[in-house]
Amino acid sequence: MGDLDNLRLQCLSCRKCEPGTTRTNLVFGVGNPNARVMFIGEAPGEQEDLRGEPFVGRSGKLMDSMIAEVGLYRDKNIYIANMIKCRPPNNRDPLPSEQEACINWLRAQFKIIKPKIIVCVGRIAAARIMKPDIKITKEHGVFMEKKGVLMMATLHPAALLRNINQKPLAEEDFRILKQKIMEVCPETYNI
Ligand code: SF4
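Remarks on the environment of Ile78
Along the chain, Ile78 falls in the loop between α4 (57–68) and β3 (79–82). Along the chain, Ile78 and Leu26 lie 52 residues apart, while their C-alpha atoms are 20 Å from each other. Ignoring any residue separated from it by four or fewer positions in sequence, one finds Ile78 in contact with Val30, Gly31, Asn32, Ala35, Val37, Phe39, Ile67, Leu72 and Tyr73.

What about the pairing of strand β6 (residues 149–154)?
The buried fraction of β6 amounts to 6 of the 6 residues, a majority that puts the element mostly inside the structure. Across 5 bridges, the pairing between strand β4 (residues 117–121) and β6 is parallel. Residue pairing in the sheet places Val119 in a bridge with Met152 of β6. Where strand β5 (residues 144–146) meets β6, 3 bridges bridge the pair, whose relative direction is antiparallel. Looking at the pairing, Glu145 lines up with Leu150 of β6. Hairpin connection of β5 to β6: 2 residues between the antiparallel strands, including Lys147 at a positive phi of 50°.

Section: the sheet that holds β5
Pairing in this open sheet of 6 strands is mixed, and the strands run β1-β3-β2-β4-β6-β5 from one edge to the other. The open sheet has two edge strands, β1 (30–31) and β5, and neither has a second partner. Packing of helix α5 (residues 96–113) onto the sheet brings it into contact with β2 (37–41), β3 and β4, and relative to β2 it is tilted by some 170°.

Quick look at the site of the ligand
Taken together, the residues surrounding the ligand are Cys14, Arg15, Lys16, Cys17, Gly20, Ile84, Lys85, Cys86, Ala101, Cys102 and Trp105. Counting residues per element, the shell around the ligand draws most heavily on α5, at 3 residues. Within the shell around the ligand, the residues separate by chemical class into 7 nonpolar, 1 polar and 3 charged.

So, α5
Compared with the 26 Å implied by 1.5 Å per residue over 18 residues, the 25 Å span of α5 between its first and last C-alpha is a close match. Largest kink in α5: about 30°, centred on Cys102. When α5 is considered as a whole, its buried residues turn out to be Glu98, Gln99, Ala101, Cys102, Ile103, Trp105, Leu106, Gln109 and Ile113. One or two residues past the end of α5 sits Lys114, with phi positive at roughly 50°.

A short note on the side chain of Arg87
Relative to the elements of secondary structure, Arg87 occurs in the loop between β3 and α5. One buried charged residue, Arg87, remains without a salt bridge, the closest side chain of opposite sign being Asp49 at 4.5 Å. Side-chain polar atoms of Arg87 contact the side chain of Asn91, separated by 2.8 Å. Residue contacts for Arg87: discarding those within four places in its chain leaves Pro19, Thr22, Arg23, Pro44, Gly45, Glu46 and Asp49.

Quick notes on the packing of α4 against helix α9 (residues 167–184)
Two numbers describe how α4 lies on α9: the axes approach to 9 Å, and their chain directions differ by 45°. Between α4 and α9, the angle is such that the two are oblique. Where α4 crosses over α9, the handedness of that crossing is right-handed. On the side of α4, the interface is formed by Leu62, Met66 and Ile67, while α9 contributes Lys167, Ala170, Glu171 and Phe174. For the contact of α4 with α9, the per-class residue count stands at 5 nonpolar, no polar and 2 charged.

Scoring rules and cut-offs
- Residues numbered from 1 in each chain as written.
- Predicted model: local features only at pLDDT ≥ 70, side-chain atom pairs only at ≥ 80, totals over all residues.
- Heavy atoms only, no water.
- Helix = DSSP H or I, 4+ residues; strand = E, 2+ residues; numbered from the N terminus.
- Contact = heavy atoms within 4.5 Å.
- Buried < 20%, exposed > 50% of the residue type's maximum accessible area, 1.4 Å probe, protein only.
- Pairing = 2+ DSSP bridges.
- Axes fitted to C-alpha atoms, helices over the stretch in contact; angles between N-to-C directions.
- Near = heavy atom within 4 Å.
- Nonpolar A, V, L, I, M, F, W, Y, C, P; charged D, E, K, R; others polar.
- Expected span 1.5 Å × (residues − 1).
- Bend = angle between axes of the 7 residues up to and from the residue.
- Lys, Arg positive; Asp, Glu negative; His and termini not counted.
- Salt bridge = Lys/Arg side-chain N within 4 Å of Asp/Glu carboxyl O.
- Polar contact = N/O pair within 3.5 Å; in protein donor to acceptor, adjacent residues only side chain to side chain.
- Parallel < 35°, antiparallel > 145°, perpendicular 65-115°, else oblique.
- Left-handed = near helix turned anticlockwise from the far one by under 90°.

Written out as structure tokens, the structure is:
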């Protein structure tokens, strides 16, 4: 059993905050443990909770189709996780205390996977992982470096579904992402 599988088992028994007692399934993460590129979202929604997988349902399908255009696939060469591993009751926003309680699971995932590039999906993840005052409408698609890891924010697919006119902006983010992958971890395309 790999380190990530071990971590998942530990996470399965976590009940540090309320969502851990109300969730249907843990949404630990999915993808290639050897991926160089990680996508990080905020917290599971209803579909994710039911399936135990991040970014499923309509918005997940939209994201999958956009990243497939740049050769990225969750079952092949990337890893996808959320900051919060259990769905907050009634889809409410995760409390700051819950974010604080759960972030160490994500940190542990980072330590095992050691991504070279992190893509923060949506403002909440970008604010927590990249910088608190990020303006995602202006700063999506712009890379910054933090602790030796390159990070970029992109628009959340659920927001794109609400305003499909913004889809080309996210598509451009992923073209920029592909260029960066070719520079720093081209092996992503050989996994
Ligand atoms: S949300 Fe995170 S910290 Fe809270 S119970 Fe679930 S795994 Fe544990």
